[in-house]
Amino acid sequence: MSVLTRNTRLTVEYADDLRLFRSRPAQTGAVLLVAIWLALPMLLGDYWATVFVYAGIASIGAIGLNLLTGFTGQVSMGHAVFYGIGAYGAAIFADRWGLPFPLWLIAAASVGGVVGGLAGPFALRLRGNYLVIISLGLLVIGQHLFENWTSVTGGLTGTAVRAKVAIGSLDVAALSLGGVRLSRNQGYLYFVWAMVALLGLAAHNIARSRPGRALQAIRDRDLAAEVIGVSQVHYKVGAFVLSSGYAACAGALYASYARYVSPLDFSLFLSIQFIAMIVVGGIGRIYGSILGAVFLTTLPRVIESVSGSLPFVSADGTGGGLTVQSLNQALFGVLTVTFLLFEPLGLAEMWRRVTRYFKSWPFSY
Amino acid sequence: MTDFAQYLLAGLALGSVYSLICLAFVVVYRATGVVNFSQGGLVVFGAYATYQLIAWRVPFVLAVALAALVTAAVGMLIERLVLRRLVGQPVFASILITLGVLFVLEQLCTTLWGYNLRILGDPWGVRTLALAGVTIKVVDLWTIAASAAALIGFFLGFRYSRLGIAMRAAASDPEAALAHGVSPQMIQGIAWGMAGILAVVAGVFIASGSRGVDLTVSAVALRAFPAAILGGLDSTEGAVAGGLIVGLVEVMSAAYLTPNAPWLGSNVHVVIPYILMIAVMLVRPYGLFGTAEVRRA
Amino acid sequence: MTKVSTIRARTINERTLVLATSALLLAACGGESANAVANTPGVSGDTIYIGALTPLSDAVAVIGKPLLAGLSTYFDKLNAEQGGVGGRYKVKILAEDITYANPSSGAQKFQKIKDQVAMIGLVVGTDQVNGVLPLLAEDSVVAVPTTFDAEWVREDWLLPWGPPYQLQAINAVGYALTDGGLQGKTVCTLTLATGYGEATVEGVEYLANAMGFKVAMNATFKQDDQDFVAPVTQLRNAGCGVIMLASLPSVTGKVLGTAAQLGFAPRWIGTSPSWHHALAASPIKDYLVKNFWVSWDGPAMSDSTEAGVRTMLAAQAKYAPGQEADFYYYAGYTVAFPIHAALEKAVASGDLSRAGVFAATQALATTMNDGLVSEYVYGAVAARNPPRTATIFRVNPDVSLGLAVEKRGVAMPAAASYEFVKR
């Protein structure tokens with residue numbers, strides 16, 4: 001037996017790179033996450049449950065954008081439109097067509113994906129700043145349709161949504177666990193985060209396999225990628241389909257949870273938030289998208305809850321100085337700037353540094 | 001016919017405001033390669049600053065000049081503190097950072113001036129002239145004149161002044177420029193200062209008369225985006241041409257499209273400039289006047 | 001912020017339990033018991049907490065802030081001068097900052113405070129109310145919407161207040177066409193492209209139908225529009241003599257400035273949110289004096305012959321001296337009347353629980369209002385009747401808030417016959 005026994009912490013062959021959970025700690029981590037997922041809804045009150053449901057929904061949208069921006073290098077400010085398509089899709093497929101649960105979600109996500117695919121060709125023709133502003137145009141057109149296509153979207157006043165997440169008698173809004181009825185928010189917390197896990201793993205699998213590498217090749221040098229046989233048309237459009245599908249899925253979940261959607265929901269600010277999430281979380285890392293989404297959705301709420309002890313800040317602005325929301329808005333700006341300047345790879349990189357430190361302990365390199 | 005002339009004038013005036021904002025986009029883009037999403041924040045800050053100075057009984061022209069100075073300083077400060085660190089960052093970085101700056105600027109304004117509508121107190125008010133049945137708003141004449149002056153100024157400045165030549169040099173080849181003693185950093189600072197000055201001029205025209213200043217003034221920058229792209233992000237002539245085209249298209253579609261094609265939905269004039277922009281982009285990916293980027297694979 | 005005893009993470013079963021227990025207690029104690037409020041959400045000792053979901057730091061804070069200040073003033077005064085509701089329960093406002101342009105922010109903040117409040121006193125924004133609506137039913141919480149949409153009238157869990165936009169428009173245009181001296185003039189609308197604008201158009205169209213005329217033009221605009229030459233010219237070419245405007249202050253200035261410049265002088269009538277008193281000191285103030293009315297309710301804020309106005313202004317001077325007493329402040333102050341009335345009723349019946357507050361809102365007849373707004377007839381949801389009269393104000397730059405009464409108590413037959421249906 002050689003001294004070089006197989007160490008799971010070291011990557012010694014290519015197959016190791018492809019494995020889903022590379023090491024013992026990663027496997028333990030996965031188990032831990034499942035445990036948290038099981039426990040958290042029981043520990044959180046309705047409010048924090050709501051916050052984490054929105055964080056989960058945002059995570060799905062952010063994963064989608066990361067596939068496009070992080071892996072393929074295409075920046076889009078139109079993400080909110082696809083999110084909106086998914087939301088209205090849920091209203092139409094579930095409420096008007098009466099499709100049952102998994103079907104309305106799949107249908108809504110598919111419509112988002114198809115429309116995203118139609119936007120793909122623009123990306124083949126344009127790059128950089130110009131592509132960004134084209135996607136801004138897409139957003140403006142999308143909003144116009146949301147506001148004016150009244151028969152489909154309910155127009156300016158929006159539409160109520162009933163899209164239920166229920167298979168047979170199993171309704172997420174009315175789960176019971178061991179005889180204890182769960183609240184709607186608790187049920188959705190379980191469901192949404194199960195979806196995050198599912199879609200996160202799916203994205204992870206795409207990213208670490210052939211299509212993922214193709215996308216990254218396009219991101220790094222599109223011409224070179226083409227030369228080695230990676231079809232730009234194929235993969236760029238594919239990335240748009242995938243990313244928009246994720247956004248639409250998130251939007252459909254949002255509609256189902258919020259039960260009311262209006263054109264105001266799908267604003268430029270939402271698109272910006274998605275970009276900020278992947279920047280803060282980590283461009284090109286699937287779990288980074290989740291970290292970023294959770295961080296940016298929960299941080300304002302955390303700041304609100306500690307605002308009582310902050311100077312110059314009051315909850316309602318009556319005491320003079322900043323309101324919490326102003327602080328949060330400014331902080332959103334400051335945070336994204338700070339991350340871009342000082343930690344461009346985001347929270348994911350910070351996490352990696354921490355784990356690397358422990359992996360190589362006691363050596364500091 | 002009178003109506004058409006009236007619309008034409010309105011379109012030119014609106015286009016001139018867009019031109020001023022687009023010029024600011026172009027100046028910053030040429031010097032730094034950054035699309036400046038925070039321009040709206042500078043516009044609203046500039047308008048508030050002018051309002052404040054007028055409220056302090058500073059004569060109007062002086063108030064605008066002082067506000068321009070202050071806003072230019074704010075622009076340069078932004079460049080110095082934030083944008084300078086951005087060299088070599090990807091596209092989304094510059095977008096997010098300037099958006100971050102926009103949010104901070106907006107919150108700065110509401111913290112300083114609150115949320116109430118403030119009447120600017122400019123000398124034009126709602127005065128008008130009449131010419132062959134067409135009403136000419138005095139403020140519109142000044143708007144058009146200002147953007148024409150800005151265009152000529154930039155055109156001559158870039159071509160003949162030392163600073164302009166230095167700016168062009170730094171934009172086309174920073175290293176070579178550096179070797180000739182041009183500091184790209186100084187150039188970038190100056191570009192942001194100019195963006196601040198242009199913002200004040202645009203802000204004053206937007207908020208003049210009975211419109212007043214409030215946070216919504218900053219939204220004009222988003223409306224001007226298609227104009228900047230249409231003209232080409234790196235062309236001063238393009239900025240003015242794009243601004244005028246979008247101004248005219250917007251007013252004309254509100255005038256003729258909205259009443260005649262109700263199936264397009266209400267307020268289609270908001271969307272048409274973007275559709276026009278996308279159409280032009282597909283034919284000319286770098287705008288009407290922009291320079292195509294030469295890339296090495 | 002004071003810590004409030006709350007019931008956390010209630011499930012539906014638990015809630016039913018709470019309701020059942022309070023009902024039992026109520027039965028056992030014959031309605032007059034301090035026990036009835038133990039463990040009641042939003043009631044802690046002798047303090048009742050009222051929630052407020054209102055934008056305090058975005059562009060709509062121009063509305064949200066004074067609304068909140070008005071509401072707070074009313075209850076500060078009540079607490080200080082009468083010892084609170086029923087002479088015993090102090091009322092405190094738990095305000096949460098929401099983002100007007102983000103409908104889910106209201107729903108999130110609702111979840112945050114629902115266990116700490118007896119009811120929600122302010123929800124600003126039509127979309128926000130729509131977002132909160134399903135949650136209200138789920139948690140049995142009553143809320144006061146602070147927008148004047150007709151849909152709210154027949155919603156179980158809402159305690160609406162003020163004249164709906166539709167009625168504001170019907171009365172205003174109707175008045176113009178009759179006693180206002182503009183008989184036979186062509187009627188048009190110019191509205192912001194929002195639900196609020198649509199509601200206003202609905203009102204005018206209803207009036208047109210009732211009075212047998214045709215609305216010549218319904219033009220809309222966006223809040224960030226910079227140029228209004230096209231819509232104003234179109235309105236002029238359509239021969240409009242009376243134009244109902246649903247707008248926001250900054251746009252009102254721009255629209256009317258353009259009209260003034262083009263020499264177009266029809267009768268403009270603005271809904272209440274279109275007005276800001278800064279306009280009375282703007283370059284178009286003379287034009288406004290001649291051509292602009294505002295439709296709302298009650299007396300002019302500057303009318304010190306009105307006892308209600310005097311009381312309110314005195315309260316403002318004493319309890320909110322830093323707050324400018326603008327139109328929205330006044331609205332916030334008046335919104336407190338139905339809230340106060342409902343709470344009085346709940347306290348009188350000794351039941352401040354969710355069920356108790358809900359029952360109180362259903363049992364309300366009319367509410368005291370110091371003559372500041374017209375009577376809103378509450379009672380069972382199906383029988384609710386919002387105020388069907390309006391006050392038309394004209395612009396007068398010399399009085400506070402720039403508005404003087406043109407005609408009070410306008411009551412068009414069409415406003416009386418307008419029906420409110422559950423959506």
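The structure presented is a predicted model; accordingly, all values stated were derived computationally and were not measured.

Q: Would you take a moment to explain the overall build of chain B for this structure?
A: Of regular secondary structure, chain B possesses eleven helices and two strands. Written out in order from the N terminus, the α and β elements of chain B read α-α-α-α-β-β-α-α-α-α-α-α-α. Here the C-alpha atoms of chain B give a radius of gyration of 19 Å, agreeing with the 19 Å that 2.2 N^0.38 yields for 297 residues. Projected onto its principal axes, the C-alpha positions of chain B cover 60 × 50 × 35 Å. Long-range contacts, defined as pairs at least 24 residues apart, comprise 75% of the intrachain contacts of chain B with a sequence gap of at least 6.

Q: Is there a simple way to think about the overall build of chain C in this case?
A: If you tally the helices and strands in chain C, you get 13 helices and twelve strands. Against the compact-globule benchmark of 22 Å for 423 residues, chain C has a radius of gyration of 22 Å, which places it among compact chains. Seen through its principal axes, chain C has C-alpha atoms that stretch 70 × 40 × 35 Å. For chain C, contacts bridging at least 24 residues in sequence account for 70% of all contacts bridging at least 6.

Q: What is the right way to read the interface of chain B and chain C from this model?
A: Accessible area lost during the coming together of the parts is what is often quoted as the interface size. Each side of the interface is counted separately: chain B has 35 residues, and chain C has 35 residues. At the level of elements, helix 1 (2-32), strand 2 (134-137), helix 9 (220-231) and helix 10 (236-260) of chain B are the ones that each hand at least two residues to the side of chain B that touches chain C. Looking at the side of chain B that touches chain C, the element that brings in the most residues is helix 1 of chain B, giving six residues. Looking at the side of chain B that touches chain C residue by residue, the class counts come to 17 nonpolar, twelve polar and six charged.

Q: Could you clarify how one ought to interpret the pairing of strand 10 (residues 292-296) of chain C in this entry?
A: Looking along a regular strand, one sees the side chains alternate between the two faces of the sheet. Residue and element names in this part refer to chain C. Most of strand 10 is tucked away: five of the five residues are buried. Where strand 9 (residues 267-271) lies against strand 10, four bridges are found, and the strand directions are parallel. Note that in strand 10 the partner of isoleucine 269 across the bridge is tryptophan 293. Each parallel crossover has a hand, and the one from strand 9 via helix 9 (residues 285-291) to strand 10 is right-handed. Sheet topology places strand 10 next to strand 11 (residues 390-395); four bridges connect them, and they run antiparallel. Along strand 11, the bridge assignment pairs tryptophan 296 with threonine 391.

Q: What is the right way to read the domain arrangement of chain C from this model?
A: Residues and elements named next belong to chain C. Domain annotation of chain C identifies domain 1 (12-163 + 304-383) and domain 2 (165-296 + 390-417). For domain 1 and domain 2, the distance between their C-alpha centres works out to 31 Å. Contact residues are listed per partner, giving nine residues for domain 1 and 13 residues for domain 2. Taken together, the residues of the side of domain 1 that touches domain 2 sort by class into five nonpolar, two polar and two charged.

Q: How do you make sense of the sheet that holds strand 10 of chain C when you look at a structure like this?
A: Sheets are built from strands that pair by backbone hydrogen bonding, the pairs being arranged parallel or antiparallel. Residues and elements named next belong to chain C. Taken together, seven strands build an open sheet; the order of strands is 7-6-8-9-10-11-12 and the sheet is mixed. This sheet does not close on itself; its edge strands, each paired only once, are strand 7 (217-221) and strand 12 (403-410). Strand-to-strand twist of the sheet, defined as the mean angle between neighbouring strand axes without regard to direction, takes the value 25°. Bridge analysis of strand 8 (residues 240-246) against strand 9 gives four bridges, and the strand direction is parallel. The residue of strand 9 that forms the bridge with leucine 245 is glycine 270.

Q: Honestly, the nonpolar core in this entry has me stumped. Any pointers?
A: One broad rule of soluble globular proteins: the nonpolar side chains tend to lie buried together. Among the nonpolar cores identified, the biggest contains 380 residues, and Ile21 of chain B together with Val173 of chain C are the most heavily contacted of them. No other element matches helix 1 of chain B, which puts 18 residues into this core. Composition of this core by domain shows at least three residues from each of domain 1 (12-163 + 304-383) and domain 2 (165-296 + 390-417) of chain C. Aside from chain neighbours lying at most four places away, what touches valine 173 of chain C is Val187, Val204, Leu207, Val242, Met244 and Ile269 of chain C.

Q: Mind showing me how you'd approach the confidence of the model for chain B here?
A: Confidence in the prediction of chain B, expressed as mean pLDDT, is 88, and 98% of residues score 70 or more. Here helix 7 (residues 174-179) of chain B is the element of chain B with the lowest mean pLDDT, 82, and helix 2 (residues 39-55) of chain B is the one with the highest, 96.

Q: Can you help me understand the packing of helix 6 (residues 128-148) of chain A against helix 11 (residues 272-283) of chain B in this one?
A: Geometrically, a packed helix pair is captured by the angle between its two axes and the distance between the axes. Contact geometry of helix 6 of chain A with helix 11 of chain B gives a least axis separation of 9 Å together with a crossing angle of 140°. Judged by the sense of rotation from one axis to the other, the crossing of helix 6 of chain A with helix 11 of chain B is left-handed. Contact residues: Tyr130, Ile134, Gly137, Val140 and Ile141 of chain A in helix 6 of chain A; Tyr274, Ile275, Met277, Ile278 and Met281 of chain B in helix 11 of chain B. For the contact of helix 6 of chain A with helix 11 of chain B, the per-class residue count stands at nine nonpolar, one polar and no charged.

Q: Explanation requested: helix 15 (residues 346-359) of chain A in the structure shown.
A: Since the α-helix packs 3.6 residues into each turn, any two residues three or four apart lie on the same face. All names here are of chain A. Between its terminal C-alpha atoms helix 15 stretches 20 Å, which fits the 20 Å expected from 14 residues at 1.5 Å a residue. Three or more residues of helix 15 are buried, namely Gly346, Leu347 and Ala348. Those residues of helix 15 that are buried lie in contact with helix 12 (268-281), helix 13 (286-306) and helix 14 (324-342).

Q: It is not clear to me how unusual backbone geometry should be interpreted in this structure. Could you clarify?
A: With the exception of glycine, most residues fall at negative phi, and the peptide bonds are largely trans. Residues and elements named next belong to chain B. At arginine 57, a residue that is not glycine, the phi angle is positive and equals roughly 70°. With respect to the helices and strands, arginine 57 occurs in the loop between helix 2 and helix 3 (60-81). On the neighbour-count criterion, arginine 57 (8 C-beta atoms within 10 Å) is exposed. Residue asparagine 267 is not a glycine yet carries a positive backbone phi of 55°. As for its position among the elements, asparagine 267 is in the loop between helix 10 and helix 11.

Q: Looking at this structure, I do not really get the interface of chain A and chain C. What am I missing?
A: Counting residues at the interface gives 29 residues for chain A, matched by 31 residues for chain C. At the level of elements, helix 3 (46-71) and helix 14 of chain A are the ones that each hand at least two residues to the side of chain A that touches chain C. By residue number, the principal contributor to the side of chain A that touches chain C is helix 3 of chain A, which donates five residues. The residue makeup of the side of chain A that touches chain C, split by class, is ten nonpolar, twelve polar and seven charged.

Q: For this particular structure, what's the right way to read the environment of glycine 29 of chain A?
A: All names here are of chain A. With respect to the element layout, glycine 29 can be found in helix 2 (residues 24-43). By C-beta crowding, glycine 29 is classed as partly exposed, having 13 other C-beta atoms within 10 Å. Taking the C-alpha atoms as reference points, glycine 29 and aspartate 46, separated by 17 residues in sequence, lie 27 Å from one another.

Q: Would you mind showing me how to read the pairing of strand 8 of chain C here?
A: Counting buried residues along strand 8 of chain C, six of its seven residues qualify, which places the element largely inside the surrounding structure. A crossover connection joins strand 8 of chain C to the parallel strand 9 of chain C through helix 8 (residues 249-261) of chain C; in handedness this β-α-β unit is right-handed.

Q: Sorry if this is basic, but what is going on with the environment of threonine 40 of chain C here?
A: Relative to the helices and strands, threonine 40 of chain C is located in the loop between helix 1 (12-29) and strand 1 (43-44). Along the chain, threonine 40 of chain C and glycine 180 of chain C lie 140 residues apart, while their C-alpha atoms are 52 Å from each other.

Q: Explain the environment of valine 227 of chain A to me, please; I cannot follow it from the model alone.
A: Tracing the chain through its elements places valine 227 of chain A in helix 10 (residues 222-227). Distance from valine 227 of chain A to leucine 126 of chain A, taken between C-alpha atoms, is 19 Å for residues 101 residues apart in sequence.

Q: Any chance you could explain the confidence of the model for chain C here in plain terms?
A: Atomic detail in the predicted coordinates should be set aside for any region of low pLDDT. Residues and elements named next belong to chain C. Considering every residue of chain C, the mean pLDDT works out to 86; 91% of them sit at 70 or more. In the model, residues 1-37 has pLDDT below 50 throughout and makes 51 contacts with residues more than four positions away in sequence or in other chains. Across the interface, the model reports ipTM at 0.89; the global pTM reads 0.89.

The rules behind each value
- Residues numbered from 1 in each chain as written.
- Chains lettered and ligands numbered in written order.
- Predicted model: local features only at pLDDT ≥ 70, side-chain atom pairs only at ≥ 80, totals over all residues.
- Helix = DSSP H or I, 4+ residues; strand = E, 2+ residues; numbered from the N terminus.
- Rg over C-alpha atoms; globule rule 2.2 N^0.38 Å.
- Contact = placed C-beta atoms within 7 Å.
- Nonpolar A, V, L, I, M, F, W, Y, C, P; charged D, E, K, R; others polar.
- Buried ≥ 20, exposed ≤ 12 C-beta atoms within 10 Å, placed from the backbone.
- Pairing = 2+ DSSP bridges.
- Right-handed = clockwise from strand over helix to strand, strands pointing away.
- Domains from an automatic or database assignment.
- Axes fitted to C-alpha atoms, helices over the stretch in contact; angles between N-to-C directions.
- Core = buried A, V, L, I, M, F, W, Y, C linked by C-beta atoms within 7 Å.
- pLDDT = per-residue confidence, 0-100.
- Left-handed = near helix turned anticlockwise from the far one by under 90°.
- Expected span 1.5 Å × (residues − 1).

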